[in-house]
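# Structural overview for review
Okay, here's what each chain looks like letter by letter:
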Amino acid sequence: GLGKSLCDQGKYWEGLREYDIVSYPGNLKTLLDDNIHSTLIFLVSHYDRLIRVQPDNARVYHSLGVLYSKLSDPQKAVTYYEKAISIDPDLKESIFNLASTYEMLGESDQAITLYQRVLSLKSGPDELDRLSASHLADMARRIEKR
């Protein structure tokens, strides 16, 4: 209910966060899935319009990457993360998300390179650094087992 209320108020990202924390929707699963999907589609449309007026805004492309990831379309997500990084080569969130998407797609070499790139940025250690190091360690263990 809170997620829908937030979306009705135009607070779409907040609504999605509330939808994401629903652990057991019971007989409302179909309604929840429909609400999530319609919110994602609305946001894609919104950011597509923003691109027309802000074609050099890396954050808009990053947001589209996130949305397409949530829509289970990793190829489109890759396209938008790459565009965001081409505009802002130090956009840590996009680099990390692109690395994660490549890892999920089984493209380990690209993922490793990008996780290392996250760690090399001068922005200082943060959660993305910790997660990148963890992913690199996990990937190294998987490669070692082969």
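This write-up is about the structure you can find in this document. (Residues numbered from 1 in each chain as written. Predicted model: local features only at pLDDT ≥ 70, side-chain atom pairs only at ≥ 80, totals over all residues. Heavy atoms only, no water.)

A word on the layout of surface pockets. One number sums up the size of the largest pocket: a volume of about 190 Å³. Every residue along the wall of the largest pocket is listed here: G1, L2, G3, K4, E18, Y19, V22, P25, L28, L31, L32 and N35. Broken down by secondary-structure element, the contributors of at least two residues to the lining of the largest pocket are α1 (2-8), α2 (12-20) and α3 (29-53). Classifying every residue of the lining of the largest pocket gives seven nonpolar, three polar and two charged. (1 Å grid on protein atoms, 1.4 Å probe; cavity = no way out; pocket = protein on both sides within 12 Å on 5 of 7 lines; lining within 4 Å. Points joined across faces, edges and corners; volume = space filled by probe spheres on them. Helix = DSSP H or I, 4+ residues; strand = E, 2+ residues; numbered from the N terminus. Nonpolar A, V, L, I, M, F, W, Y, C, P; charged D, E, K, R; others polar.)

One non-glycine residue, S72, adopts positive backbone phi at about 60°. Relative to the assigned elements, S72 resides in the loop between α4 (58-70) and α5 (74-87).

Should their charged atoms come close, side chains of opposite charge can pair. Inspection of the entire model under this criterion finds nine salt bridges. Across the pair K29 and D33 runs a salt bridge, and its minimum N-O distance is 2.8 Å. Of this pair, K29 and D33 are both found in helix α3, four residues apart, which corresponds to roughly one turn of the helix. Assessed through its relative accessible area of 45%, K29 is described here as partly exposed. K92 is paired through a salt bridge with D129; the nearest N and O atoms lie 3.0 Å apart. Of this pair, K92 sits in helix α6 (residues 92-104) while D129 sits in helix α8 (residues 127-145), and the two are 37 residues apart along the sequence. As far as the burial class goes, K92 and D129 line up, both buried. (Salt bridge = Lys/Arg side-chain N within 4 Å of Asp/Glu carboxyl O. Buried < 20%, exposed > 50% of the residue type's maximum accessible area, 1.4 Å probe, protein only.)

We now examine the packing of α6 against helix α7 (residues 108-120). Two elements in contact, α6 and α7, have axes separated by 8 Å at closest approach and are oriented at 155°. On the basis of the axis angle, α6 is roughly antiparallel to α7. Both α6 and α7 take part in a crossing whose hand is left-handed. Residues K92, I95, F96, L98, A99, S100, Y102 and E103 of α6 touch α7, and the partners they reach there are Q110, A111, L114, Y115, R117 and V118. In terms of residue class, the contact of α6 with α7 is built from nine nonpolar, two polar and three charged. (Axes fitted to C-alpha atoms, helices over the stretch in contact; angles between N-to-C directions. Parallel < 35°, antiparallel > 145°, perpendicular 65-115°, else oblique. Left-handed = near helix turned anticlockwise from the far one by under 90°. Contact = heavy atoms within 4.5 Å.)

Think of two packed helices as two axes; the pair is described by the angle between the axes and how far apart they sit. Where α6 contacts α8, the axes come no closer than 11 Å and their chain directions differ by 20°. As far as their axial angle goes, α8 and α6 are roughly parallel. As for how α6 packs across α8, the hand of that crossing is left-handed. In contact with K92, E93, F96 and E103 of α6, α8 contributes L128, D129, L131, S132, H135, M139 and R142. Of the residues that constitute the contact of α6 with α8, the class distribution is four nonpolar, two polar and five charged.

An ideal rise of 1.5 Å per residue puts 18 Å on 13 residues; α6 measures up with 18 Å between its terminal C-alpha atoms. Taking burial as the measure, the 13 residues of α6 include ten buried ones, the bulk of the element. Among the residues making up α6, those that are buried are K92, S94, I95, F96, N97, L98, A99, T101, Y102 and E103. Residues of α6 that are buried in the fold lie against α4, α5, α7 and α8. (Expected span 1.5 Å × (residues − 1).)

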